[in-house]
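# Remarks on the overall topology
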Amino acid sequence: MRILVTGGAGFVGSHLTDALLAEGHSVLCADNLLTGCRENIAHLAREPRFEFLEQDVCQAFDPGEVEYIFHFASPASPVDYLEHGIETMQVGSIGTMNCLTIAQKHGAKFLLASTSECYGDPLEHPQKESYWGHVNPIGLRSVYDESKRFAEALTMAFHRYRKVDTRIVRIFNTYGPRLQINDGRVISNFMKQALRGEELTVYGDGSQTRSFCYVSDEVAGIIALSKSDEHAPLNIGNPAEFTILECARIVLETTGSPSKIRFKPLPPDDPKQRRPDITKAKHLLGWAPEIDLRTGLKMSLEYFQRAIQGSTACA
Ligand SMILES: NC(=O)c1ccc[n+]([C@@H]2O[C@H](COP(=O)([O-])OP(=O)(O)OC[C@H]3O[C@@H](n4cnc5c(N)ncnc54)[C@H](O)[C@@H]3O)[C@@H](O)[C@H]2O)c1
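Residues numbered from 1 in each chain as written. Predicted model: local features only at pLDDT ≥ 70, side-chain atom pairs only at ≥ 80, totals over all residues. Heavy atoms only, no water.

### Topic: the sheet that holds strand β3 (residues 50-54)
In plain terms, the rule: Note on pairing: DSSP must find at least two bridges between two strands before they are called paired. By definition, any uninterrupted DSSP run of H or I lasting at least four residues is a helix, any uninterrupted run of E lasting at least two residues is a strand, and each is numbered from the N terminus. Here an axis means a line fitted to C-alpha atoms, over the contact stretch when the element is a helix, while the angle between two N-to-C directions is reported on a 0 to 180 degree scale.
The strand order β3-β2-β1-β4-β5-β6-β11 describes an open sheet built from 7 strands, whose pairing is parallel. The open sheet has two edge strands, β3 and β11 (233-236), and neither has a second partner. Within this sheet the neighbouring strands show an average axis-to-axis angle of 20 degrees, counted without direction. Sheet topology note: the strand β1 (residues 2-6)/strand β4 (residues 68-71) ladder contains 4 bridges and is parallel.

### With respect to the side chain of Thr255
The test is simple: Residue burial is assigned from relative accessible area. The probe radius is 1.4 Å, only protein chains are included, and a residue is buried under 20% of its type maximum, exposed over 50%, and partly exposed in between. In protein, a polar contact requires one atom able to donate a hydrogen and another able to accept it; more generally it is a pair of N or O atoms within 3.5 Å, and residues adjacent in sequence count only if both atoms are side-chain atoms. The contact rule is simple, with two residues in contact once any of their heavy atoms fall within 4.5 Å.
Note that Thr255 resides in helix α7 (residues 244-255). The class of Thr255 is buried, set by a relative accessible area of 19%. At 3.4 Å, the side chain of Thr255 forms a polar contact with the backbone oxygen of Leu252. When neighbours within four sequence positions are excluded, Thr255 is seen to be in contact with Met191, Ala194, Leu195 and Leu301.

### So, the pattern of salt bridges
Close approach of charged atoms lets side chains of opposite charge pair. Our working rule: Salt bridges are defined by distance alone: a side-chain nitrogen of Lys or Arg within 4 Å of a carboxyl oxygen of Asp or Glu.
Across all of its chains, the model carries 15 salt bridges by this definition. Between Glu23 and Lys227 there is a salt bridge, with the nearest N and O atoms lying 3.0 Å from each other. Placement of Glu23 in the loop between α1 (11-22) and β2 (26-31) and of Lys227 in the loop between α6 (215-226) and β11 is noted, with a sequence separation of 204 residues between them. When the shortest N-O distance is used, the salt bridge between Glu253 and Arg294 registers 2.8 Å. In this pair, Glu253 sits in helix α7 while Arg294 sits in helix α9 (residues 293-308), placing the two residues 41 residues apart along the sequence. Owing to a relative accessible area of 38%, Arg294 belongs among the partly exposed residues under this scheme.

### Points about unusual backbone geometry
Cis peptide bonds are those with omega within 30 degrees of zero, and the linkage from His125 to Pro126 qualifies with -10 degrees. Here Pro126 shows up in the loop between β5 (109-115) and α4 (142-162). Backbone geometry at Leu33 places phi at a positive 60 degrees, although glycine is not the residue there. As for its position among the elements, Leu33 is in the loop between β2 and β3.

As structure tokens, then:
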């Protein structure tokens, strides 16, 4: 297939691109490099089945004949979406509309990268796909949460009214090589601080929980979903739950860092618990994550070491 990956120069999009190329497809990556970078796709420079188009997907564009669209373009980390609030809302709305329109025009299948943030600060735990969420519609994080919720609604509307063959993945916290080091996410913060010998910053008392999915597991789940006939949203993430404090300790263990932990006040709207219920993905796709946090961190260590030395352009 010839496949369009929007946001393909970003963290997840570039790993997805690698996996699609490995399956023998051709990939056109459309990215405006707002939060991604060329370094993430530099290894594909001589790959004849790979094309890069520097493109803001909020502007109308036609990529030519494509058979599948993976719409991953969007600032994704709190640091990025808080800095680019309007762009985040634009890419979730106008960008998603443009990509769905391209899918309709070319008869292409479409997969939306949505997020566990659709559940907000959940009152149900763990979160099943049937849970509608608990989101502050005007809070700081709403630029991201609500744009993704709108993108999901738009995707379902194109599916229902215009018969576009769509899928929606709700991605939970994902980490691995190419994660931006300054993006404010838990893993990158802790790895950076530990490797620099700085104190690890824990917000609140560190009892809030997160789950972390290694990027190859996440991509395997996304590709399995893309091949299924499921049109409703599907959680793909790792249900192993850690408190932030436990996570900090595992990072210290993995890096062998002597750093101490420092507590700071909890920011507003910070979710207290986040863990996917992946029963549906297991039944439907026969998929489950395979890489635990300690192993995934070890596999990411070399990347983070290079990143803090500034030898990757994305860092
Ligand atoms: N990484 C995670 O843990 C996670 C969790 C939930 C959802 N997601 C979703 O997965 C997708 C990828 O996230 P990521 O972590 O790789 O983030 P990222 O910032 O590394 O990648 C996003 C990419 O989209 C590009 N982009 C942004 N706006 C664009 C626009 N208007 N036109 C073209 N390109 C644009 C950026 O330049 C970047 O390369 C996002 O849609 C995100 O919401 C990621």
